[in-house]
Amino acid sequence: MDDDAVFKALADPSRRMLLDWLRERNGQSLADLCQGLAMSRQAVAKHLGILEDANLVATRRRGREKLHYLNPVPINRIAERWISRFDQPRLDALSNLKRRLEGEES
Amino acid sequence: MTAAGSSEFVYVTYIRTTPERLWSALTEADFMRQYWFGMHIESDWKAGSPWRLLFTDGRVADSGEVLESDPPRRLVLRWQHRLRPELEAEGPARCEIEIEPVGDAVKLAIVHTMDRPRSGLIGAVGDGWPKILSNLKSLLEAGRVALDTKL
């Protein structure tokens, strides 16, 4: 999968917000994701299409519904590209510490 | 949407290889050890057969039953954690592995589901799958893994 597509997809705040929502609750339909958004259904569908093309969102069919899932695999690949394998445990520790100090539920 | 009472995660990667080679990578112990941080699964991969995921020292991390096996396309496992008591108590999860040719690559999708909200197990495997898939992709495409430290 093309790294350019991943960076381009992540460069838009609306698309990052959609990913945040999927992280909160995985497996949402287009209708679920449109709720409470000041964006047209078409705009949300277009953003989801860009995220799907970048493989940041995976979709599955359940009956007539298409469900969207956050796919963290491309982000992990980008992270590994610049993070030395020896740094990974330390970065995990720092990231855990930051999360705990800032009181965010992991 | 996902039923409110379940946890479901989907991991997708595209690998430039063949379905047969990917199936071997997912089911052969020697292949697995190279990208699964030294761990491997023991099974004959037939529907109804047991499987066990083993650490290098022989401890069992997870085990279960092969629910469906359709090489080189589809593998479904009942997945029971065995190491951490709080995760073991959550009961069995389901892991679907789908392999589908797309152009000159193969799409690998892993769907891990548990019938309970905010599953600790799904969270724990959720940290592991992206690293394992990334290593698997590097191994099949470039012949070496990206990360060889422990999870």
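To keep things clear, this report deals only with the structure shown in the data block. Keep in mind the model is a prediction, meaning the values are calculated, not measured.

Below, the discussion takes up the overall build of chain B. The helix and strand inventory of chain B stands at four helices and seven strands. In chain B, the order of α-helices and β-strands from amino to carboxyl end is β-α-α-β-β-β-β-α-β-β-α. The C-alpha atoms of chain B give a radius of gyration of 15 Å, which matches the 15 Å a tight globule of 151 residues would have. C-alpha extents for chain B along the principal axes are approximately 40 × 40 × 30 Å. In chain B, which comprises 151 residues, the share counted as buried stands at 35%. When contacts within chain B are restricted to residue pairs at least 6 apart in sequence, long-range pairs at least 24 apart make up 45% of them.

Residue and element names in this part refer to chain B. Taken together, seven strands build an open sheet; the order of strands is β1-β7-β6-β5-β4-β3-β2 and the sheet is antiparallel. A single partner strand is all that each edge strand has here, and the edge strands are β1 (7-15) and β2 (40-43). Geometrically, the sheet is characterised by an average inter-axis angle of 25 degrees between neighbouring strands, direction not taken into account. With six bridges joining them, strand β5 (residues 74-81) and strand β6 (residues 93-102) adopt antiparallel strand pairing. Residue pairing for β6: leucine 77 is matched across the bridge by cysteine 95.

In a pair of packed helices, the angle between the axes and the distance between the axes together describe the arrangement. Residue and element names in this part refer to chain A. Here helix α2 (residues 13-24) crosses helix α4 (residues 41-53) at 75 degrees, and the two axes come no closer than 10 Å. For the element pair α2 / α4, the angle class is roughly perpendicular. On the side of α2, the interface is formed by Ser14, Arg15, Leu18 and Leu19, while α4 contributes His47, Leu48, Ile50 and Leu51. Partitioning the contact of α2 with α4 into residue classes produces five nonpolar, two polar and one charged.

Before going further, it helps to spend a moment on the environment of Met114(B). Among the secondary structure elements, Met114(B) is positioned in strand β7 (residues 105-114). In contact with Met114(B), other than residues within four places in its own chain, are Ser6(B), Ser7(B), Glu90(B), Ala93(B), Ser119(B), Leu121(B) and Ile122(B).

Interaxial distance between helix α5 (residues 73-82) of chain A and helix α4 (residues 120-142) of chain B falls to 9 Å at its minimum, and their mutual angle equals 65 degrees. Between α5(A) and α4(B), the angle falls in the class roughly perpendicular. Between α5(A) and α4(B) lies a crossing whose hand is right-handed. Side by side, α5(A) and α4(B) meet where Val73(A), Asn76(A), Arg77(A) and Glu80(A) of the first sit next to Pro130(B), Lys131(B), Leu133(B) and Ser134(B) of the second.

Residue Pro72(B) is bonded to the preceding Pro71(B) through a cis peptide linkage, with omega at -5 degrees. Within the element layout of this structure, Pro72(B) appears in the loop between β4 (60-70) and β5. One non-glycine residue, Asn55(A), adopts positive backbone phi at about 65 degrees. Here Phe37(B), not a glycine, exhibits a phi torsion of approximately 55 degrees, which is positive. Mapped onto the fold, Phe37(B) is located in the loop between α2 (29-35) and β2.

The next point concerns α5(A). Burial in α5(A) covers these residues: Val73(A), Pro74(A), Asn76(A) and Arg77(A). Taken around the axis of α5(A), the buried residues stretch over an arc of 155 degrees, which confines them to a single face. Turning to α5(A), the residues buried within the fold contact α1 (3-10) of chain A together with β1 and α4 of chain B.

As a further point, take the environment of Phe55(B). Residue and element names in this part refer to chain B. Inspection of the secondary structure assignment puts phenylalanine 55 in the loop between β3 (50-54) and β4. Overall, the presence of 14 C-beta atoms within 10 Å leaves phenylalanine 55 in the partly exposed class. Through-space distance from the C-alpha of phenylalanine 55 to that of methionine 39 is 4.8 Å; in sequence the pair is 16 residues apart. Not counting the four nearest positions on each side in its chain, phenylalanine 55 is found in contact with Met39 and Ala61.

A word on α2(A). All names here are of chain A. A rise of 1.5 Å per residue sets the reference length of α2, with its 12 residues, at 16 Å; its end C-alpha atoms lie 16 Å apart and thus fit the reference within 8%. Here α2 has its buried residues at Arg15, Leu18, Leu19 and Leu22. For α2, the buried positions fall inside an angular range of 100 degrees around the axis, keeping them on one side. Opposite the buried face of α2, at more than 90 degrees from it, the exposed residues are Pro13, Asp20, Arg23 and Glu24. Check the buried side of α2 and you find it contacts α1, α3 (30-34), α4, β1 (57-62) and β2 (65-70).

The rules behind each value
- Residues numbered from 1 in each chain as written.
- Chains lettered and ligands numbered in written order.
- Predicted model: local features only at pLDDT ≥ 70, side-chain atom pairs only at ≥ 80, totals over all residues.
- Helix = DSSP H or I, 4+ residues; strand = E, 2+ residues; numbered from the N terminus.
- Rg over C-alpha atoms; globule rule 2.2 N^0.38 Å.
- Buried ≥ 20, exposed ≤ 12 C-beta atoms within 10 Å, placed from the backbone.
- Contact = placed C-beta atoms within 7 Å.
- Pairing = 2+ DSSP bridges.
- Axes fitted to C-alpha atoms, helices over the stretch in contact; angles between N-to-C directions.
- Parallel < 35°, antiparallel > 145°, perpendicular 65-115°, else oblique.
- Nonpolar A, V, L, I, M, F, W, Y, C, P; charged D, E, K, R; others polar.
- Left-handed = near helix turned anticlockwise from the far one by under 90°.
- Arc of directions from axis to C-beta.
- Expected span 1.5 Å × (residues − 1).

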